[in-house]
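Below, each chain spelled out in residue letters.
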Amino acid sequence: MTVQSTPGATPLPSNLLTGSVPDESILVRSRGVTKRFGGLTAVNNVDFDIPRGAIVSLIGPNGAGKTTFFNMITGYYVPTSGTITFDDTPIVRMAGKKAKSLKPHEVTKLGIGRTFQNIRLFGTMSALDNVRVGANVHLTSHWWDSILRTPSMLREEQATIDSSMELLKLVDLDTRADTWARNLPYGDQRRLEIARALATRPKLLLLDEPTAGMNSSETRSLTDFIRRLRAEFGLSVLLIEHDMRVVMGISDRVTVLDHGEVIAEGTPAEVRANPRVIEAYLGREAGEES
Amino acid sequence: MSGTTKVIGTGPGAWFGFIGSTLASYPGRYRAAYHRRRTRTILLTILLIGSLIYPVIHSVFLAGFSRNVVPLPLPDDTVMTFMTIFAIMSIGLNIVAGYAGLLDLGYVAFYAIGAYVAAFLASPHFGQFGIDIVFLGHVGPGAVGIHLPFWIVAIVAILVVATFGALLGAPTLRLRGDYLAIVTLGFGEIVPLFFKNLSSVTINFALGPLAISLSNVNLTGGVQGINPIDPPFLPILDVVFDARSGPLAVYFGMFLVLIAIVVARNLDLSRMGRAWGAIREDETAAEMMGVNTVRTKLLAFALGASFAGVAGAFQASYLGATTSDFFEFSTSILVLIMVILGGIGNVWGALAGAVMLVYVDETLLPYVSQRIGDIAPALPNPSQYNFLIYGVLLVVMMRFRPQGFLPSRQREAELSVHGLADADAQMGIVGEFDNVGVAPPGQDETGSDSRTPETPDEARDL
Amino acid sequence: MDQIIQTLIIGLANGLIYALVALGYTLVYGIIELINFAHGDVFMLGSMLAFVLIAPPSNGGWGIFSIESGTPLPLLTIQILIVLAICMASMATLNWFIERVAYRPLRHAPKLAPLITAIGVSFILQNVGLILGGAYQRTVDSVFPTDNLLAPFGITNIVLTASQVLVAVVTIPILVALSWFVGKTRQGRAMRATAQDPDTAGLMGVDVNRTIAITFIIGGALAGAAGLVQILYNNYTVYTLGVRFGLNSFTAAVLGGIGNLQGAVLGALVIGEINAISDRYVSPNWTQAIVFGILIAVLVFKPTGLLGQQLADRA
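Keep in mind that this is a model prediction, so the values were computed, not measured.

## Some remarks on the packing of helix α13 (residues 386-400) of chain B against helix α4 (residues 112-133) of chain C
The geometry of α13(B) relative to α4(C) is characterised by a closest axis approach of 7 Å and an angle of 155° between their N-to-C directions. Looking at the two axes, α13(B) sits roughly antiparallel to α4(C). As for the relative orientation of α13(B) and α4(C), their crossing is left-handed in sense. In this structure, α13(B) contributes F387(B), L388(B), Y390(B), G391(B), V392(B), L394(B), V395(B) and M398(B) to the contact, and α4(C) contributes A113(C), I116(C), T117(C), I119(C), G120(C), V121(C), F123(C), I124(C), Q126(C) and N127(C). For the contact of α13(B) with α4(C), the class distribution of residues is 13 nonpolar, 5 polar and no charged.

Structure representation (structure tokens):
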């Protein structure tokens with residue numbers, strides 16, 4: 001399967017784990033990431049890499065630990081142990097026996113944006129303002145600039161309006177810029193969440209079940225859109241997805257989690273044929289049969 | 001979105017240019033508003049002009065009329081000045097509670113600190129320690145103590161109060177809303193206690209080279225307080241804005257309120273306002289979108305507190321005295337009622353709430369009790385009932401109109417009795433829509449490592 | 001040394017009173033996560049009711065059960081029990097009423113709303129206390145002989161009075177009864193289930209509304225009992241009593257672990273002792289500040305309190 005990459009970049013190799021590729025190709029490198037909640041181990045010793053410019057899917061049965069892993073990459077949860085590096089900057093590192101993590105807003109500033117499984121927009125703010133909040137992270141004006149309305153602050157305000165409107169146009173919401181987020185239809189809300197995440201100028205976009213609740217034509221436009229994001233913005237994308245057509249159709253790599261552990265990793269075709277994967281989804285007998 | 005200009009230069013020239021052009025745009029905007037909503041514009045204009053000339057009219061005719069002909073429940077100069085003082089405070093508390101959604105039940109502490117800053121920096125009080133500093137102060141030669149002009153006092157008050165606000169907020173703002181409320185309440189009680197008790201300080205402390213020895217030192221004046229405090233003073237026109245200057249003090253207060261309104265509005269319409277709105281709606285999502293929630297909440301808390309500092313400094317300078325008796329927990333709640341009743345999240349609502357409540361508390365209730373006392377002395381005295389009334393007001397408002405009378409549209413949507421159920425469904429958020437809680441649904445953040453949930457149930461929905 | 005023990009005894013007696021009130025705070029918080037601001041004022045009204053029932057008309061009471069010193073013990077016991085029952089029942093009803101009218105409609109509102117409502121209720125109750133009892137303290141003469149019970153043992157430097165024993169005699173059985181109720185009865189189990197997960201409890205057949213109502217009723221009854229003990233032991237009441245006691249009791253509940261019954265009692269005893277020690281060795285002026293300081297410190301550094309866990313254990 002051919003892998004689209006950013007214009008001018010070298011084609012991506014197929015074996016990506018454990019240091020067999022030069023570092024510049026790997027955007028996110030996680031090693032030994034484990035998360036325990038009291039007695040339950042949600043994520044167990046996961047090694048996981050995301051190559052630059054790739055679209056990677058994270059799949060697995062419910063409760064496999066996918067969202068927990070998302071939360072650790074974004075700094076919301078602190079892993080019990082393990083390390084995560086983003087673009088050669090550590091997000092999670094070990095300090096003695098405990099892991100230390102950057103705070104979520106610091107991680108966002110480094111360049112990771114995300115959407116949520118259950119939409120978490122700022123409901124009583126307009127679509128434009130929702131996107132502008134995303135843009136805050138790269139602004140330089142301070143609170144006294146806000147009070148005094150200095151020229152530099154006003155310039156920044158105008159710039160964020162302009163760039164946010166462009167993002168809204170990208171997701172086809174520029175005509176609804178002043179509508180409150182909670183008054184938008186479901187599909188629009190999903191796209192608004194993506195626009196808001198894009199406003200943080202990410203290098204890596206995490207999408208948590210982006211096609212949930214969509215019909216097949218909406219799903220198709222979304223997958224085209226994701227490809228566009230990669231092609232035009234050079235974004236890397238990590239998806240949690242249950243819709244196998246999306247996973248198989250769009251991903252460069254697929255990683256399968258079950259009970260918090262990686263049980264398979266590879267191209268979509270490789271993963272689809274993997275008996276352990278089939279077993280995890282369909283049960284032991286189905287696995288043995290194939 | 002409105003109000004920004006497309007081409008903006010750099011430097012102070014550009015800034016003055018911006019101010020100038022904004023002011024110049026007002027006539028045009030007024031005309032536009034007049035055409036769009038005629039009645040409303042006219043009413044508001046009348047209201048504005050009325051408030052501006054009222055203090056003069058009152059002292060020229062109405063006071064005499066009320067004294068000699070028919071007693072009317074009209075606010076006098078002192079009451080009006082207090083309206084401005086409380087307006088500044090409620091605009092400030094509106095930033096903390098209305099914009100950022102943080103419940104501060106100890107706002108009176110900042111009020112008190114501001115008042116005592118004025119008391120320390122503009123009175124003979126420090127003369128007892130032999131500290132005599134007069135700098136631009138309005139006193140005669142040979143004055144003892146520290147005497148600084150009001151504008152310096154106000155700036156120092158802002159700095160001191162903001163520092164205390166930041167110190168209090170740093171460890172506590174990450175607590176859940178109701179715990180934060182209790183902690184701020186505690187702070188609001190402890191600070192006045194300090195001012196009350198430090199009227200006689202005896203310390204004998206020696207550690208290496210550092211030795212402090214105080215014996216029965218009157219640091220804060222305790223219950224007797226500190227007086228006299230220099231009033232605000234305008235040197236060129238030789239004008240003093242104190243309790244004897246009548247309407248002049250009211251106008252000075254109005255000027256301070258104007259500054260407060262401008263500052264609050266500017267914050268609201270900036271990245272701060274958007275960040276506060278985001279945190280209020282969904283703090284976790286805001287954090288994940290790159291908003292430094294800790295710092296942003298701290299700014300709201302400290303900036304909001306500084307308004308109370310200015311109000312306190314003005315109050316002390318206006319009255320010419322201060323004492324720990326002026327500052328009680330009930331004042332914090334009173335200001336909160338002003339914000340809630342007036343309309344949460346809206347500067348004009350806070351202003352209206354302050355004017356209304358001060359009027360009721362200082363003019364209307366005493367007037368009604370006097371009239372009832374005249375007519376039927378046996379009937380209970382309403383001014384003894386003011387807390388009953390405020391309590392009932394709170395209960396009824398929370399039940400039927402928690403957003404107040406003039407809320408901002410956002411807060412109305414979040415808080416109105418219909419809005420409460422809607423928000424959940426619209427947003428597809430699992431779990432309780434908790435305006436106060438800082439955790440995703442199911443997670444209980446009450447302290448230290450609030451980012452690590454303890455069970456997988458708490459990990460759902462992120 | 002004797003001074004210390006004396007102080008500790010006083011602290012213990014007051015601590016037991018704080019315990020009764022603290023349990024009210026912790027029960028309500030455990031079940032609906034509301035800090036019932038007005039609870040201290042319910043206690044204050046309980047003490048006002050007790051005053052009115054016990055004090056003779058010459059002192060402003062109704063003199064219904066005017067308990068005078070010198071009444072023989074059996075009669076005294078019966079009178080006290082009757083007044084206790086009346087106080088507990090009335091405050092239980094009041095608390096039930098408050099929940100029904102002020103808090104229940106806001107069950108699903110953001111947490112700010114019922115908290116502010118509770119402040120409003122507190123204002124109302126305080127004003128009622130002001131109107132009923134006046135602005136100043138109301139005192140009753142001590143009902144019990146003030147002789148030192150330790151005198152026959154040859155101890156004269158430490159005083160233990162009958163009223164202090166009374167405090168223990170009234171409060172301890174109530175605490176035991178409560179513990180049994182919550183731990184062993186069906187209704188108690190319902191309370192614990194509702195505290196842990198109201199929705200699931202509802203699905204399992206628990207009448208959540210009724211359970212919450214019962215929690216408030218119990219809290220009110222405890223406050224009423226505490227009010228009576230306050231009159232019998234401390235011999236005074238005033239409309240601001242609820243504020244003072246409320247602070248102490250709420251801090252106790254938080255210190256022990258909010259939602260945790262044993263914690264509330266433990267915290268109350270600790271706070272009682274701290275109060276006594278501060279009053280004696282520092283200055284009564286600073287006691288309130290110290291208690292607030294403890295409250296803030298606990299909430300900031302160890303919000304789960306000394307004994308942690310909630311009314312219903314969290315896994």
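Moving on, there is more to tell.
## Section: the nonpolar core
Proteins that are soluble and globular tend to have nonpolar side chains buried together. Within the largest apolar cluster, 304 residues are counted, with the highest numbers of intra-cluster contacts made by I88(B), M89(B), A118(B) and A225(C). A total of 16 residues in this core trace back to one element, the largest contributor, which is helix α1 (residues 2-32) of chain C. With sequence-adjacent residues up to four places away left out, M89(B) is seen in contact with Y107(B), Y111(B), F307(B), A308(B), A311(B) and V335(B).

## Digging into the domain arrangement of chain B
As assigned here, chain B comprises domain 1 (19-72) and domain 2 (79-328). Summarising the inter-unit geometry, the C-alpha centres of domain 1 of chain B and domain 2 of chain B are found 30 Å apart.

## Regarding the environment of R271(B)
Note on placement: R271(B) falls in helix α8 (residues 271-281). We classify R271(B) as buried; it has 24 C-beta atoms within 10 Å. With sequence-adjacent residues up to four places away left out, R271(B) is seen in contact with N136(A), L139(A), S141(A) and S146(A).

## What about the pairing of strand β6 (residues 98-101) of chain A?
All names here are of chain A. Of the two faces of β6, only one is covered, namely that formed by A99 and S101; the face formed by K98 and K100 stays uncovered. Alignment of strand β5 (residues 89-95) against β6, held across 4 bridges, turns out to be antiparallel. Residue pairing for β6: R93 is matched across the bridge by K100. Connecting β5 to the next strand, β6, in antiparallel fashion are 2 residues, including G96 with a positive phi near 70°.

## A word on the sheet that holds strand β7 (residues 112-114) of chain A
All names here are of chain A. Within the open sheet, the 6 strands sit side by side as β7-β8-β9-β3-β10-β11. Their pairing is mixed. Across the chains shown, the open sheet's two edge strands, defined by having one partner strand only, are β7 and β11 (261-266). Here the strands of the sheet are splayed against their neighbours by 20° on average, with no regard to which way each runs. Relative to strand β9 (residues 236-240), strand β8 (residues 204-208) is paired through 5 bridges, and the arrangement is parallel. Residue L205 lies in a different strand from β9, and its bridge partner there is V237. Helix-sheet contacts for helix α7 (residues 216-233) involve β3 (55-59), β8 and β9, and the interaxial angle to β9 is about 155°.

## Observations concerning the interface of chain C and chain B
Contact residues are listed per partner, giving 36 residues for chain C and 37 residues for chain B. When residues of the side of chain C that touches chain B are traced back to their parent elements, those giving at least two are α4 and α11 (284-301) of chain C. Counting residues per element, the side of chain C that touches chain B draws most heavily on α4(C), at 14 residues. Looking at the side of chain C that touches chain B residue by residue, the class counts come to 25 nonpolar, 9 polar and 2 charged.

## So, the pairing of β3(A)
Residues and elements named next belong to chain A. Counting buried positions along β3 yields 5 of 5 residues, so the element is predominantly enclosed. Pairing analysis gives 4 bridges linking β3 to β9, with the strands arranged parallel. Counterpart to I55 in the pairing with β9 is V237. Both β3 and strand β10 (residues 253-258) contribute to a ladder of 4 bridges, which runs parallel. Opposite S57, over in β10, you have V254 as the bridge partner.

## Here we look at the sheet that holds strand β1 (residues 122-123) of chain B
Residue and element names in this part refer to chain B. Strand order in the open sheet formed by 3 strands is β1-β3-β2, and the pairing between neighbours is mixed. At either margin of the open sheet sits one strand with a lone partner, and together these are β1 and β2 (133-134). When β1 meets strand β3 (residues 146-147), the two strands line up antiparallel, connected through 2 bridges. Considered in β3, the bridge of A122 is made with H147.

## Quick notes on the domain arrangement of chain A
Residue and element names in this part refer to chain A. Domain annotation for chain A reports domain 1 (16-111 + 203-290) and domain 2 (124-201). In this structure, domain 1 and domain 2 have C-alpha centres spaced 28 Å apart. In this complex, domain 1 contributes 9 residues to the contact, which on the side of domain 2 involves 7 residues. If one sorts the elements of the side of domain 1 that touches domain 2 by residue count, helix α2 (residues 104-110) sits on top with 3 residues. Within the side of domain 1 that touches domain 2, the residues separate by chemical class into 3 nonpolar, 4 polar and 2 charged.

Rules used throughout
Residues numbered from 1 in each chain as written. Chains lettered and ligands numbered in written order. Predicted model: local features only at pLDDT ≥ 70, side-chain atom pairs only at ≥ 80, totals over all residues. Axes fitted to C-alpha atoms, helices over the stretch in contact; angles between N-to-C directions. Helix = DSSP H or I, 4+ residues; strand = E, 2+ residues; numbered from the N terminus. Parallel < 35°, antiparallel > 145°, perpendicular 65-115°, else oblique. Left-handed = near helix turned anticlockwise from the far one by under 90°. Contact = placed C-beta atoms within 7 Å. Nonpolar A, V, L, I, M, F, W, Y, C, P; charged D, E, K, R; others polar. Core = buried A, V, L, I, M, F, W, Y, C linked by C-beta atoms within 7 Å. Buried ≥ 20, exposed ≤ 12 C-beta atoms within 10 Å, placed from the backbone. Domains from an automatic or database assignment. Pairing = 2+ DSSP bridges.

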